[in-house]
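Chain and residue survey
Take a look at the letters that make up each chain.
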Protein chains: 2
Amino acid sequence: MSKVRLYLEHSLRVGQSVSLTREQAHYLFGVMRLGAGDDLHVFDGRNGEFRAEITQTGKRGGEIACVERTRPLQMPPDLWLLFAPIKKARTDFIVEKAAEMGAARICPVQTEFTNSERIRRDRLQAHAVEAAEQCGGTFVPEVAELTRLDRVLADWPESRRLMFCDEALVGAREALVGEAGPWAILIGPEGGFSEAERTRLHAMPQALAVSLGPRILRADTAAVAALSLWQSTLGDW
Amino acid sequence: MSKVRLYLEHSLRVGQSVSLTREQAHYLFGVMRLGAGDDLHVFDGRNGEFRAEITQTGKRGGEIACVERTRPLQMPPDLWLLFAPIKKARTDFIVEKAAEMGAARICPVQTEFTNSERIRRDRLQAHAVEAAEQCGGTFVPEVAELTRLDRVLADWPESRRLMFCDEALVGAREALVGEAGPWAILIGPEGGFSEAERTRLHAMPQALAVSLGPRILRADTAAVAALSLWQSTLGDW
C-alpha cells in the first residue's frame, strides 16, 4: 500500500496522464524513492482521489497515469478562517492546522494592531497543500490575499455568520448549538482588536462573540481551539 | 502597567523578597530592560500572582520584593494530557498548548509505535513555565518523565476517565456531556496505536474512544482539538 499522496493542479480523471514538475519529480523519485510502475495517490481538489501509476521517471520531470478513482471529493463544511498574521512560524502553523481541521477558505486579515504588512501567499498556499496531502483530505482550501479587516467587514455576506473571540461571557459551544449555515471564524492579533474594530464587530448582526476560557490563548492556539469547537458543534466531526 | 510575568520556584507571600537567578536577571534587566523600582508580576504556581518591585539589579542576579497579591491561585480542571512524543518542534508545541489550554498534568508516554526513546524533561518543563507566564495563568502543569504506556495503564486510577482518539463513530462532544470527574486525554503516536494497545484501551472501563472528524489529524493538532472539546464540554471554558 502506497502512503504517498500528491496534490496535482491538473484536473484528473481515470486514464488521465499528467506530467510532473521538477519539484514533484524530486519528491517522488529522490525523496520517496519511487520508480516506474510504483503506485501513489493523487488528488486535484475537485475530482476526488485517484490511484496513479508512475509511467516515466526523470531528474527534471516524469509522468503519472490515473488508474482508478479511490475516493470522491469530500468538501469541508462552509467555514472560513480569518486571522491576523503573526510571526512566520505561527502563521505557517495556523494555515497548516486550518487545512487539517477542514476550513474551506483561509483569509489573512490586517487589523489595526496587526504587525505584519505582507505575507508570502504562495508559501502559505503550499503549506495548505502539504497539510491536505498529509491529512488524507481531497480538498485544498484557498489561502486568500492579505486584506484589511475593515474592507472584509464592509463587504461581508449577509448570510454568513461570523464567530469572533472576545472577552465575552458566553461559552462558544452553547452559543453555536443549532446555528447551522455558512460561518467564518475571526481570530484577532496578539494585541487584541482595537476599540473601533470591537465596536464594529459587536454591531454586525452576523457576528457572535464567544469566549475561549479564562486563560489568554496565543493566536495559533485560539485558531485550533475555535475550529475544534465549531467542527464538533456544527461541522463534520 | 507592567506586562512582564515571571514564574518563581520560591514560595511567595506579600513582603517576601526573592533572589533572582542569572537567567532571570538577564531576562528582566537585559531583555525586558527593567530597572530598580520597576514593577512586574510574579507567580509560584501555589499562592497566586503578586505585584513585585525590583529592589536590586545586577548582571548575575538581583532581588525582587512581593508588594501585593493581585490574583489568587486558579487551578485548572483535573485533566491530564498523555501523548506520545514526536519530532522536537511538535513535542514542544504540544507541551506549550497543553499548559495554555489548562491541562493539570502533562505525561509523555512511550507506545509501541513511538519513535522517541527519551525526552528532555527539563526543557519541556521550561516550555510549560513559559506558556504559563505568557497566558496569564497562575498554575504550571508538571511535565512527567517519559513512561511506557503499558505501565501507565497498569497503574491507572480507578476513578479517572480516559478519553482516547480512535476511529470510533461517536463524536467526542456527545460522548463527554455530563461525564464530570477527573479525566485524562491520550493522544497516540503518528503511527497509531498497536493492536494490543487498542484492545487494552477498549477493555478499560474508564476509557472512552472518540472521533476527531473525517480527516487524519497530526498528533499536535489532535492534542489541541481534544483539549478544546474537553474544556468546552466539561472544563472551565
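Residues numbered from 1 in each chain as written. Chains lettered and ligands numbered in written order. Predicted model: local features only at pLDDT ≥ 70, side-chain atom pairs only at ≥ 80, totals over all residues. Heavy atoms only, no water.

This next bit is on empty space enclosed by the protein. Applying the stated criterion across every chain, the model contains 1 cavity of 30 Å³ or more. Put simply, the largest cavity is a space of about 110 Å³. The wall of the largest cavity is formed by 14 residues, among which A:R215, B:Q74, B:G137, B:T138 and B:F139 lie closest to the centre. Of the residues in the lining of the largest cavity, the class split is 7 nonpolar, 5 polar and 2 charged. (1 Å grid on protein atoms, 1.4 Å probe; cavity = no way out; pocket = protein on both sides within 12 Å on 5 of 7 lines; lining within 4 Å. Points joined across faces, edges and corners; volume = space filled by probe spheres on them. Nonpolar A, V, L, I, M, F, W, Y, C, P; charged D, E, K, R; others polar.)

Here we take up the packing of helix α2 (residues 88-100) of chain B against helix α3 (residues 121-135) of chain B. Residues and elements named next belong to chain B. Between α2 and α3, whose axes approach to 8 Å, the crossing angle comes to 45°. Taken together, the axes of α2 and α3 are oblique relative to one another. The two elements α2 and α3 cross, and the hand of that crossing is right-handed. Residues K88, T91, D92, V95, E96, A99 and E100 of α2 form the contact with α3, whose own contacting residues are R123, L124, H127, A128, A131 and C135. Here the residues of the contact of α2 with α3 sort into 6 nonpolar, 2 polar and 5 charged. (Axes fitted to C-alpha atoms, helices over the stretch in contact; angles between N-to-C directions. Helix = DSSP H or I, 4+ residues; strand = E, 2+ residues; numbered from the N terminus. Parallel < 35°, antiparallel > 145°, perpendicular 65-115°, else oblique. Left-handed = near helix turned anticlockwise from the far one by under 90°. Contact = heavy atoms within 4.5 Å.)

A separate point is the domain arrangement of chain A. Residue and element names in this part refer to chain A. Taken domain by domain, chain A holds domain 1 (5-71) and domain 2 (79-233). With 9 residues of domain 1 at the contact, the number on the domain 2 side is 8 residues. Carbon and sulfur atoms make up 59% of the surface buried where domain 1 meets domain 2, a total of about 680 Å² over both sides. When residues of domain 1 are sorted by the area they lose upon contact with domain 2, R5, Y7 and F43 head the list and together hold 63% of the total. Our enumeration of links across domain 1 and domain 2 arrives at 0 salt bridges. There are 5 residue pairs in polar contact (both at pLDDT 80 or more) connecting domain 1 and domain 2. (Domains from an automatic or database assignment. Buried area = accessible area lost by both parts, 1.4 Å probe. Salt bridge = Lys/Arg side-chain N within 4 Å of Asp/Glu carboxyl O. Polar contact = N/O pair within 3.5 Å; in protein donor to acceptor, adjacent residues only side chain to side chain.)

Right, let's talk about the nonpolar core for a bit. Grouped together as the largest cluster of nonpolar side chains are 87 residues, with contacts concentrated most on A:L81, A:I185, A:I187, B:L81, B:I185 and B:I187. With residues near it in sequence (within four places) discarded, B:L81 still touches B:I94, B:A98, B:A103, B:R105, B:I106, B:C107, B:I185, B:I187, B:A223 and B:L227. (Core = buried A, V, L, I, M, F, W, Y, C linked by side-chain atoms within 4.5 Å. Buried < 20%, exposed > 50% of the residue type's maximum accessible area, 1.4 Å probe, protein only.)

Across the interface, helix α7 (residues 219-233) of chain A lies against helix α7 (residues 219-233) of chain B with an axial gap of 8 Å and an inter-helix angle of 60°. α7(B) is crossed by α7(A), and the crossing has right-handed handedness. Contacts between α7(A) and α7(B) pair A:T221, A:V224, A:A225, A:S228, A:L229 and A:S232 from the former with B:T221, B:V224, B:A225, B:S228, B:L229 and B:S232 from the latter.

Before going further, it helps to examine the packing of aromatic side chains. Under the criterion given, the structure shown has 7 aromatic pairs over all chains. Pairing B:F164 with B:F193 gives two aromatic rings, centres 6.2 Å apart and planes at 80°, and the pair type is edge-to-face. Remark: B:F193 occurs in the loop between β11 (183-187) and α6 (195-203) and B:F164 occurs in strand β10 (residues 161-165); sequence separation between them is 29 residues. B:F193 shares its class with B:F164; the two are buried. It is A:R105 that lies over the ring of A:W80; its NZ or CZ is 5.7 Å from the centre. Positioned above the aromatic ring of B:F43, the side-chain terminus of B:R5 is 4.5 Å from the ring centre. (Phe/Tyr/Trp six-rings, centres within 6.5 Å; stacked < 30°, edge-to-face > 60°. Lys NZ or Arg CZ within 6 Å of the ring centre and 35° of its normal.)

Counting residues at the interface gives 34 residues for chain A and 34 residues for chain B. Between chain A and chain B lies a buried interface of about 3000 Å² when both sides are counted; carbon and sulfur atoms form 52% of it. For the interface between chain A and chain B, the tally reads 8 salt bridges. Here A:R218 makes a salt bridge to B:E100, at a shortest N to O gap of 3.5 Å. Counting only elements with at least two residues in the side of chain A that touches chain B, the list comes to α2 (88-100), α3 (121-135), α5 (172-176) and α7 of chain A. For the side of chain A that touches chain B, the element with the highest residue contribution is α7(A), accounting for 9 residues.

Time to look at the pattern of salt bridges. Following the criterion strictly, the structure yields 40 salt bridges over all chains and no others. Between A:D122 and A:R120 there is a salt bridge, and its shortest N-O distance comes to 3.2 Å. With relative accessibility at 46%, the residue A:D122 sits in the partly exposed group. Relative accessible area serves as the criterion here: at 47%, A:R120 is assigned to the partly exposed category. Note that B:R161 is salt-bridged to B:E179, the shortest N-O span being 2.9 Å. Highlighted residues: B:R161 in strand β10 and B:E179 in the loop between α5 (172-176) and β11, separated in sequence by 18 residues. For B:E179, a relative accessible area of 31% translates into the label partly exposed. Residues joined in a network through salt bridges with shared partners are A:R90, A:R218, A:D220, B:E96, B:K97 and B:E100.

This brings us to the relation of the copies chain A and chain B. Expressed as a screw transformation, the operator carrying chain A onto chain B has a rotation angle of 180° and an axial translation of 0.0 Å, and the superposed copies differ by an RMSD of 0.0 Å. Given the turn and translation reported, the copies of this chain are related as if by a two-fold rotation axis. A shared interface surface links the copies, since 100% of the contact residues of chain A are contact residues in chain B too. (Least-squares fit on C-alpha atoms with pLDDT ≥ 70 in both.)

All names here are of chain B. With respect to topology, 5 strands assemble into an open sheet ordered β1-β3-β4-β5-β2, the strand pairing being mixed. The sheet is open, and its two borders are formed by β1 (5-7) and β2 (17-20), each paired with just one other strand. Neighbour to neighbour, the strand axes of the sheet diverge by 40° on average, direction disregarded. In this structure, strand β3 (residues 39-43) lies alongside strand β4 (residues 49-57), joined through 5 bridges in antiparallel fashion. From the neighbouring strand, F43 faces β4, where its bridge partner is E49. Where helix α1 (residues 22-31) meets the sheet, its contacts fall on β1, β2, β3, β4 and β5 (62-71), and the angle it forms with β2 comes to roughly 95°. Sheet strands in contact with α3 are β1 and β3, and its direction is about 145° off that of β1. (Pairing = 2+ DSSP bridges.)

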